[in-house]
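# Reading the structure
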Number of protein chains: 4
Amino acid sequence: MKTFKLPVRVYYEDTDSGGVVYYANYLKFMERARTEWLRSLGYEQDVLREQRNLLFAVRSAALDFKRPARFNDLVDVFSEVTQIGGASVTFSQRVELRERAGLAVSPQALCVGEIKVVSLSAADFRPCPLPKDLVEEFTREH
Amino acid sequence: MKTFKLPVRVYYEDTDSGGVVYYANYLKFMERARTEWLRSLGYEQDVLREQRNLLFAVRSAALDFKRPARFNDLVDVFSEVTQIGGASVTFSQRVELRERAGLAVSPQALCVGEIKVVSLSAADFRPCPLPKDLVEEFTREH
Amino acid sequence: MKTFKLPVRVYYEDTDSGGVVYYANYLKFMERARTEWLRSLGYEQDVLREQRNLLFAVRSAALDFKRPARFNDLVDVFSEVTQIGGASVTFSQRVELRERAGLAVSPQALCVGEIKVVSLSAADFRPCPLPKDLVEEFTREH
Amino acid sequence: MKTFKLPVRVYYEDTDSGGVVYYANYLKFMERARTEWLRSLGYEQDVLREQRNLLFAVRSAALDFKRPARFNDLVDVFSEVTQIGGASVTFSQRVELRERAGLAVSPQALCVGEIKVVSLSAADFRPCPLPKDLVEEFTREH
C-alpha cells in the first residue's frame with residue numbers, strides 16, 4: 001500500500017510555552033493526514049456518516065516523540081495502512097520536518113505513531129464491518 | 001446580580017510558544033466560568049439539553065487582552081450577567097492573575113470580555129425563549 | 001488594500017459536541033489567514049523574531065458568529081488590513097462557507113471579526129514601532 | 001507508590017462533533033493530573049524551570065480509548081508512577097467516569113495510558129538527571 005503525504009504548517013495555536021509543538025497536537029496532524037488520504041480516495045467523512053451510517057473512531061494510539069517541531073515549521077505527515085481488520089484499520093504515521101525559518105532542511109523524523117481506527121455505526125456507535133469498497137480502496141496497489 | 005468567580009490553573013495545553021496563554025484560550029476559561037455559574041444555580045447543561053431541549057450558543061464575543069497569563073499561573077475568572085433578552089444573556093467577564101510561581105500576587109486584570117449567549121432549541125438550533133425559571137435565577141439578588 | 005483568502009478545512013479537532021465548529025476556533029482560522037498573508041508578502045514570523053526582534057500579539061478581538069461551520073466543511077478565510085497605527089495593525093476578517101459534503105455551495109458568511117494586532121519587541125514584549133518595510137508592504141496597492 | 005486522583009470536568013472545548021471527548025484531549029487531562037500530583041508534592045513547574053533549570057517533556061505516550069466521555073461528564077484522572085530512570089519517569093494513568101447528567105455513576109474506565117516523561121535542562125533542552133529530592137519524593141511510601 002502506498003504512503004500518503006500531507007504538508008502541515010505549524011501555527012501559534014499548535015505550540016506551547018516550551019517553544020515547541022504541544023505533543024498532543026501531533027495526533028491532530030496525523031488525523032488531518034488520514035482524513036485527506038480518505039478524501040484522496042474519494043471518501044468524504046460527512047457523506048459516509050449521512051449516507052452510509054459510517055463513522056471512524058480512534059481506538060488506540062502509540063506515539064514516540066523524537067524531536068520537537070517549532071512555530072512556523074513546515075512538516076510532512078506520512079500515513080500508511082499497515083493492517084486491516086473486519087472493523088478496524090491500523091496506520092503507521094510519521095511527522096517529518098521539511099522547512100524551518102523559510103528554508104528547506106534535510107528531512108528528520110519528529111514524531112512516529114501507530115493509530116488504530118475502528119468503524120462504527122453512526123446511529124448507535126457500535127462497531128460495524130468496514131464496507132467492501134473501502135477495504136478494496138485501502139488495499140489497492142496504486 | 002452577583003459576580004461569580006472560578007479559579008483556573010494554566011497548564012502547558014493553554015500556552016503558546018510566545019511563552020504565554022494563547023489568546024483564544026481565554027474564551028475557554030470564560031466558558032468554564034459561565035458553565036460553573038449555571039451549575040451553581042442548579043442547572044446541568046447536558047440535562048437542559050436532554051430534558052428541556054435547551055442549548056446555549058455564543059453569538060458574539062469581544063475581548064481585550066491586557067496582560068498575558070503564563071504557564072502555571074493561577075487565575076480567577078469573574079462572570080456577571082449584564083443583560084437578559086428574550087432569548088439571550090450577555091455576560092461581562094474578567095480574568096485576573098491571582099498566583100504566580102506558587103505565590104499570591106496583587107490581582108491584575110489580564111483579559112476582559114463581553115460575551116453574548118443565545119438560547120436555542122436543541123432539536124433544530126433555532127432561537128427559543130429563555131425559560132422563566134432560568135430568567136428568575138439569573139436576576140435573583142443572592 | 002487587497003483582500004487575502006485562505007481556504008481552511010474543518011477537522012474533528014475543530015468541532016464540539018454541538019456538532020459545529022467550536023466558536024473559539026474561528027480565532028485560529030483567522031490567525032492562520034493573517035500568517036499566510038504575511039508569508040505571501042515575504043515575511044516568515046520565526047525569521048522576524050530571530051533576525052529582527054519582532055513579534056506580533058493580538059491586542060483585541062471582536063467576533064460575530066452568524067452561522068455554524070460543520071465537520072468536513074471547506075471554508076474560506078478572508079483578511080483585509082483596515083488600519084495601520086504606529087505599532088499596530090487592525091484586520092477585518094470573514095469566514096465563509098465554500099463546500100459542504102464535498103459539494104460547492106453559494107458562499108455565506110459564518111463568522112466576521114475585527115482583530116487588532118500589536119508589534120512587540122521579542123526581547124522584552126514591549127510595544128515597538130512597525131518596521132517601515134512592513135508598513136509599505138501592508139499599504140501597497142497590489 | 002500512591003495513586004493520585006484529579007477530578008476533571010468535561011466542557012464543550014473538550015468535545016468534538018462525534019458528541020464525545022476528542023481523543024487527543026485525554027492527553028491534556030492526564031497532564032493536568034501529573035502537574036497537580038507534582039504540585040501536591042511541593043513542586044511548581046515554573047519554579048523548577050526558573051530556579052533549577054529543570055523542564056519535563058513527554059517522550060512517549062500509549063493510549064487505549066475504551067469508552068467515550070461526554071459533554072458535562074465529571075471524570076477522575078488517576079496517576080501512578082510505575083518506573084523511574086536516571087532522567088525519566090513513567091506513569092500509568094487512567095480516566096474514569098464518575099458523574100453524568102449531574103448524577104454519580106458506578107466508575108468505569110474510559111481511557112488508560114502509559115506516559116513516559118523525561119527531564120531536560122531548560123537551557124538547552126538536553127536530558128539531565130532527575131534531581132535526588134524529586135526521586136525521593138516520587139518513591140516515598142505516603
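The structure presented is a predicted model; accordingly, all values stated were derived computationally and were not measured.

The next subject is the overall build of chain A. For chain A, the helix and strand inventory stands at 3 helices and 5 strands. For chain A, the succession of helices and strands along the chain, N to C, is β-α-α-β-β-β-β-α. The C-alpha radius of gyration of chain A comes to 16 Å, within 12% of the 14 Å expected for a compact globule of 142 residues. Projected onto its principal axes, the C-alpha positions of chain A cover 45 × 30 × 25 Å. In chain A, the share of contacts with a sequence separation of at least 24, taken over all contacts with a separation of at least 6, comes to 68%. Carbon and sulfur atoms make up 48% of the accessible area of chain A, which totals about 6100 Å². Across chain A, 20 positive and 20 negative side-chain charges occur, with their mean positions spaced 3 Å apart.

This part is about helix α3 (residues 132-139) of chain C. All names here are of chain C. All of the buried residues in α3 are Leu134, Glu137 and Phe138. On an axial view of α3, the arc spanned by its buried residues comes to 100°, and they lie on one face. Opposite the buried face of α3, by more than 90 degrees, sit the exposed residues Lys132 and Glu136. Buried residues in α3 make contact with α1 (25-40), α2 (45-52), β2 (54-65), β3 (74-84) and β4 (88-100).

The subject of this paragraph is the relation of the copies chain C and chain A. Mapping chain C onto chain A is achieved by rotating through 180° and translating by 0.0 Å along the same axis, at an RMSD of 0.0 Å. What we have between these two chains is a two-fold relation. A high fraction, 100%, of the interface residues of chain C reappear at the interface in chain A, so the copies pair face to face through one surface.

Pairing is antiparallel in the open sheet, where 10 strands are placed in the order β1(B)-β3(B)-β4(B)-β5(B)-β2(B)-β2(C)-β5(C)-β4(C)-β3(C)-β1(C). Each end of this open sheet is capped by a strand with a single partner; those strands are β1 (4-9) of chain B together with β1 (4-9) of chain C. Ignoring which end each strand starts from, the neighbouring axes of this sheet average 30° apart. Two elements, β2 of chain C and strand β5 (residues 103-121) of chain C, share 11 bridges in a ladder whose sense is antiparallel. Within the sheet, the bridge partner assigned to Leu54 of chain C lies in β5 of chain C and is Ser121 of chain C.

A few words on the relation of the copies chain A and chain B. The transformation that overlays chain A on chain B combines an axial shift of 0.0 Å with a rotation of 180°, and the residual RMSD is 0.0 Å. Of the residues that chain A buries at the interface, 100% are likewise interface residues in chain B, meaning the two copies contact each other through the same surface.

Here we take up the confidence of the model for chain A. Residues at a pLDDT of 70 or more form 98% of chain A, whose mean pLDDT is 96. Interface scoring of the predicted complex returns ipTM 0.96; its pTM is 0.98.

Residue and element names in this part refer to chain A. Under the criterion given, the structure shown has 28 aromatic pairs over all chains. With 5.7 Å between their ring centres and 80° between their planes, Tyr23 and Phe65 make a pair best called edge-to-face. Taken together, the residues span a long stretch of sequence, with Tyr23 in the loop between β1 (4-9) and α1 (25-40) and Phe65 in strand β2 (residues 54-65) at a distance of 42 residues. The same class applies to Tyr23 as to Phe65, namely buried.

With that out of the way, let us pick up the pairing of β4 of chain C. All names here are of chain C. As paired elements, β3 and β4 share 10 bridges and run antiparallel to each other. Counterpart to Ser79 in the pairing with β4 is Gln93. In textbook terms, the turn of a hairpin is the stretch between consecutive antiparallel strands, and for β3 and β4 this stretch comprises 3 residues. Pairing analysis gives 12 bridges linking β4 to β5, with the strands arranged antiparallel. Paired with Val89 across the strands is Val117, a residue of β5. As consecutive antiparallel partners, β4 and β5 are separated by 2 residues, and within that stretch Ala101 has a phi angle of approximately 55°, a positive value.

So, about the sheet that holds strand β2 (residues 54-65) of chain D. Spatially, β1(A)-β3(A)-β4(A)-β5(A)-β2(A)-β2(D)-β5(D)-β4(D)-β3(D)-β1(D) is the arrangement adopted by the 10 strands of the open sheet, whose pairing is antiparallel. The sheet is open, and its two edges are formed by β1 of chain A together with β1 (4-9) of chain D, each paired on a single side. Averaged over neighbouring strand pairs, the angle between their axes works out to 30° when direction is ignored.

As a further point, take unusual backbone geometry. One non-glycine residue, Asn72 of chain A, adopts positive backbone phi at about 75°. Among the secondary structure elements, Asn72 of chain A is positioned in the loop between β2 and β3 (74-84). At Asn53 of chain C, a residue that is not glycine, the phi angle is positive and equals roughly 60°. For Asn53 of chain C, the location among the structural elements is in the loop between α2 and β2.

Let us now look at the interface of chain A and chain B. Residue-level contacts link 9 residues of chain A with 9 residues of chain B. Interface area for chain A against chain B, summed over the two sides, is near 690 Å², with a carbon-plus-sulfur share of 62%. It is Tyr12, Ser17 and Tyr22 of chain A that lose the most area in chain A upon contact with chain B, and together they represent 59% of the buried surface on that side. Here chain A and chain B share 4 residue pairs in polar contact (both at pLDDT 80 or more) between them.

Moving on, we get to the environment of Gln83 of chain B. All names here are of chain B. You can see Gln83 is positioned in strand β3 (residues 74-84). For Gln83 and Lys116, which are 33 residues apart along the polypeptide, the C-alpha to C-alpha distance reads 8.9 Å. Ignoring sequence-local partners within four residues, the contact set of Gln83 consists of Ser88, Val89 and Thr90.

The parts lose accessible area when they come together, and the size of an interface is often stated as this lost area. Listed by partner, the interface residues are 21 residues for chain C and 21 residues for chain A. The junction of chain C with chain A conceals about 2100 Å² of combined surface from both sides, 45% of it contributed by carbon and sulfur atoms. When the buried surface of chain C facing chain A is broken down by residue, Tyr11, Tyr12 and Glu13 of chain C rank first, second and third, together holding 27% of it. At the boundary of chain C with chain A, the tally comes to 2 salt bridges. Every element with two or more residues in the side of chain C that touches chain A is listed here: α1 and α2 of chain C. If you tally residues by element for the side of chain C that touches chain A, the top one is α1 of chain C, at 6 residues. When the residues that make up the side of chain C that touches chain A are grouped by side-chain class, the tally is 6 nonpolar, 4 polar and 11 charged.

About the criteria used
- Residues numbered from 1 in each chain as written.
- Chains lettered and ligands numbered in written order.
- Predicted model: local features only at pLDDT ≥ 70, side-chain atom pairs only at ≥ 80, totals over all residues.
- Heavy atoms only, no water.
- Helix = DSSP H or I, 4+ residues; strand = E, 2+ residues; numbered from the N terminus.
- Rg over C-alpha atoms; globule rule 2.2 N^0.38 Å.
- Contact = heavy atoms within 4.5 Å.
- Areas by Shrake-Rupley, 256 points an atom, 1.4 Å probe, with all protein chains shown as cover.
- Lys, Arg positive; Asp, Glu negative; His and termini not counted.
- Charge placed at Lys NZ, Arg CZ, Asp CG, Glu CD.
- Buried < 20%, exposed > 50% of the residue type's maximum accessible area, 1.4 Å probe, protein only.
- Arc of directions from axis to C-beta.
- Least-squares fit on C-alpha atoms with pLDDT ≥ 70 in both.
- Pairing = 2+ DSSP bridges.
- Axes fitted to C-alpha atoms, helices over the stretch in contact; angles between N-to-C directions.
- pLDDT = per-residue confidence, 0-100.
- Phe/Tyr/Trp six-rings, centres within 6.5 Å; stacked < 30°, edge-to-face > 60°.
- Buried area = accessible area lost by both parts, 1.4 Å probe.
- Polar contact = N/O pair within 3.5 Å; in protein donor to acceptor, adjacent residues only side chain to side chain.
- Salt bridge = Lys/Arg side-chain N within 4 Å of Asp/Glu carboxyl O.
- Nonpolar A, V, L, I, M, F, W, Y, C, P; charged D, E, K, R; others polar.

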